[in-house]
Amino acid sequence: MEEKLKQRLSSIQPIKEEFLCRAQDRLNKLTKPLGSLGQMEEIAKRYVAIVENLSPKVDIKIIYTFAGDHGVVAEGVSAYPKEVTPQMVYNFLRRGAGINVLARHVGAEVVVVDIGVDHEFQPVEGLMIRKVARGTKNIARGPAMSREQALHALFVGLEMADYAREQNANLVGTGDMGIGNTTPSSAILATLTGLPVSQVTHRGTGIDDATLEQKIRTIEKAIACNQPDPKDPLDVLAKVGGLEIAGIAGLIIGCAAHRVPVVVDGFISTAGAMIAVSLNPEIKGYLFASHQSVEVGHRIMWEYVGQKPILNLSLRLGEGTGAALAMSIIEAAVKILNEMATFTAAGVSQAK
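Cut-offs used in this document
- Residues numbered from 1 in each chain as written.
- Predicted model: local features only at pLDDT ≥ 70, side-chain atom pairs only at ≥ 80, totals over all residues.
- Heavy atoms only, no water.
- Helix = DSSP H or I, 4+ residues; strand = E, 2+ residues; numbered from the N terminus.
- Rg over C-alpha atoms; globule rule 2.2 N^0.38 Å.
- Buried < 20%, exposed > 50% of the residue type's maximum accessible area, 1.4 Å probe, protein only.
- Contact = heavy atoms within 4.5 Å.
- Pairing = 2+ DSSP bridges.
- Axes fitted to C-alpha atoms, helices over the stretch in contact; angles between N-to-C directions.
- Phe/Tyr/Trp six-rings, centres within 6.5 Å; stacked < 30°, edge-to-face > 60°.
- Lys NZ or Arg CZ within 6 Å of the ring centre and 35° of its normal.
- Parallel < 35°, antiparallel > 145°, perpendicular 65-115°, else oblique.
- Nonpolar A, V, L, I, M, F, W, Y, C, P; charged D, E, K, R; others polar.
- Expected span 1.5 Å × (residues − 1).
- Arc of directions from axis to C-beta.
- Salt bridge = Lys/Arg side-chain N within 4 Å of Asp/Glu carboxyl O.

Undergrad: What should I look at first to understand the overall build of the chain in this one?
TA: Summing up its helical and strand segments, the chain has 15 helices and 6 strands in all. For 352 residues, the compact-globule estimate of 2.2 N^0.38 gives 20 Å, and the C-alpha radius of gyration of the chain, at 20 Å, lies within 12% of that figure. Put simply, the chain has 352 residues, and 56% of those count as buried. A sequence separation of at least 24 residues applies to 76% of the contacts in the chain between residues at least 6 apart.

If you want it as C-alpha cells, here you go:
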C-alpha cells in the first residue's frame, strides 16, 4: 500500500508556468487597469494552470465532509461530547447543517464520508461508509492508529478523488466533522513546524481557559509519548493524527494527481493539507486556501502550505463551510477570465 501511495505521489507534476503566463496575458487584455482585480486574477490564472485549459468551467463542485471520532476526547479537551459526531452526520444527511446551506448556495454537492465514526450507520444517499476504525485511540496514551490504518484512511481519500474525477468535478472542497479534532490538528502542526504547542493551540469549539490549558498539556504529553518523526509525515499522521485528517490528505493527493483544483477548508482540513504537502511539495500548487480561521495556528499552517487565504470571516465551524464560500469567489474569478470583454472587442482605449 505504501508503494502505491508513492506511485500516486510521483505522478503529481508542477503546474506549468506556460499556462500561468498565457492566463496572465489574457487578464492583461481585459477592460480594466492592470492587476486591478488583485487576488481574483491570481486565482483565475492558477485555476487555468491546474486544469491546463485557458477557457475552463466551474460547474461541477463536490465538497467531501470526512467524519471520524477521537479517543483523546477522554482527556477533556472538547466542549462537546463525542456523541455529537454521529448526531451531526445525521444532520448533514438531513441537509440541515451549515455546510448544506452554503453548498446549496454555491451549487455544490455534499458527500459525507464515514471514515472513523464510533457509530454504525445504515447506507443512505449522500453517505460513503468507508470506516477504517471506530475512531482513533487516545494520543495522550499511545499512537492514534497504526501506520497501516493511516495508509488505509489516505486511500479512502484517494478513492474519493477518483470518484470526483469520474463525476467530472472541476472543483473539490474539503470538510471535516469530529469532536476533539482540533487537538490532533494542533499536534500535527506543532510536530511538523517544531513550534511550542502553546503557540499553535486554541479554543476549537469554544473551550474555556481551564480546558485550553488541559488541551495544551494533553498535546504536549501526546508528542512526548509518541515521538512522531517530523521527517516522516506518515509517522506523524499515524501517531498524533486523525482518520478524517488522513482522508482529507488522501483526497488532496488524489485531486492533485488528477489535476482537479482543491479548496481547503479550515484548521482540520489544513492539517490534512500539511501532511499532503509534506509528502510532495508540488501539491501546494493545486490548492486554494479558502479562509483564515480564528484558530491561532491556522496562519502558520497556511505559511507552511504556501498559500494565501481567500477569505477572513472569523469562521471556526469546519464541515467545509469556508470551502463552500470560497468556491463562489473562485467561480467568479474564472468567469472574469472567460466573460469579461477585452479592450479590442469592447473598443475601449488602453492606458498609454
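Undergrad: Please clarify how the sheet that holds strand β5 (residues 262-264) should be interpreted in this entry.
TA: Sheet strands line up and pair through hydrogen bonds in the backbone, either parallel or antiparallel. Pairing is parallel across the open sheet formed by 6 strands, whose spatial order is β3-β2-β1-β4-β5-β6. The open sheet terminates on both sides in strands that have one partner only, identified here as β3 (127-129) and β6 (287-289). The average undirected angle you get between the axes of adjacent strands in this sheet is 25°. For β5 and β6, the ladder comprises 3 bridges, and the chain directions are parallel. Within the sheet, the bridge partner assigned to V264 lies in β6 and is A289. Lying over the sheet, helix α6 (residues 147-166) contacts β1 (61-68), β2 (108-116), β3 and β4 (171-177), oriented at roughly 160° with respect to β1. Most of the contacts of helix α12 (residues 267-279) go to β4, to which it runs at about 120°, and overall it touches β4, β5 and β6.

Undergrad: Quick question: what am I supposed to make of the packing of aromatic side chains here?
TA: Centre distance and the angle of the planes are the two values used to describe a pair of aromatic rings. According to the stated counting rule, one finds 2 aromatic pairs in the structure shown. Centre to centre, the rings of Y64 and F66 are 6.3 Å apart; their planes meet at 35°, and the pair counts as tilted. Just as Y64 is buried, F66 falls in that class too. It is R46 that lies over the ring of F288; its NZ or CZ is 4.3 Å from the centre.

Undergrad: Would you explain the pairing of β4 in this entry?
TA: Taken residue by residue, a regular strand's side chains alternate between the two faces of the sheet. Burial runs high along β4: 7 of the 7 residues are buried. Burial of the side chains of β4 extends over both faces: L171, G173, G175 and M177 are buried on one face and V172, T174 and D176 on the other. The pairing of β1 with β4 spans 7 bridges and is parallel. Paired with I63 across the two strands is G173, which belongs to β4. Pairing of β4 with β5, which is carried by 2 bridges, proceeds in the parallel orientation. Note on β5: the bridge partner recorded for G173 is V263.

Undergrad: Looking at this structure, how should I read the packing of helix α5 (residues 98-106) against helix α14 (residues 321-339)?
TA: A pair of packed helices can be characterised by two numbers: the angle between their axes and the separation between those axes. For the pair α5 and α14, the least separation of the axes is 8 Å and the interaxial angle reads 10°. Classified by the angle between their axes, α5 and α14 sit roughly parallel to one another. From α5, G98, I99, L102, A103 and V106 reach across to α14, where they touch T321, A324, L325, S328 and E331. Residues belonging to the contact of α5 with α14 are distributed by class as follows: 6 nonpolar, 3 polar and 1 charged.

Undergrad: Just to check I follow, could you spell out the environment of T205 for this structure?
TA: The residue T205 is located in the loop between α8 (197-200) and α9 (209-226) in this model. Along the chain, T205 and N53 lie 152 residues apart, while their C-alpha atoms are 40 Å from each other. In this structure T205 touches S78, A79, Y80 and R316, once residues within four positions along its chain are discounted.

Undergrad: Can you help me understand unusual backbone geometry in this one?
TA: A negative phi holds for most residues other than glycine; trans holds for most peptide bonds. Of note in the backbone geometry, N168 takes a positive phi value of approximately 60° without being a glycine. Within the secondary structure, N168 sits in the loop between α6 and β4. Notably, R259 is not glycine yet its phi reads approximately 60°, a positive angle. Turning to its location among the elements, R259 is positioned in the loop between α11 (243-257) and β5.

Undergrad: Whenever I open this one, helix α2 (residues 17-28) confuses me. Can you help?
TA: With 12 residues, α2 extends 16 Å from end C-alpha to end C-alpha; this agrees with the ideal 16 Å at 1.5 Å per step. Taken together, the buried positions of α2 are occupied by F19, L20, A23 and L27. One side of α2 carries all its buried residues, which in axial view fall inside an arc of 100°. In this structure, the buried side of α2 is in contact with α3 (39-51) and α14.

Undergrad: Is there a simple way to explain the pattern of salt bridges in this structure?
TA: Pairing of side chains with opposite charge becomes possible as their charged atoms draw close. Going through the model one piece at a time under the given rule, you end up with 21 salt bridges. Between K45 and E42 there is a salt bridge whose closest N-O contact spans 3.7 Å. With K45 and E42 both in helix α3, this residue pair falls 3 residues apart, about one helical turn. Take K45: its relative accessible area is 17%, and that puts it in the buried class. When salt bridges that share partners are traced, they join K82, D118, E120 and R134 into one network.

Take it as geometry only, folks, not as evidence of what the structure does.
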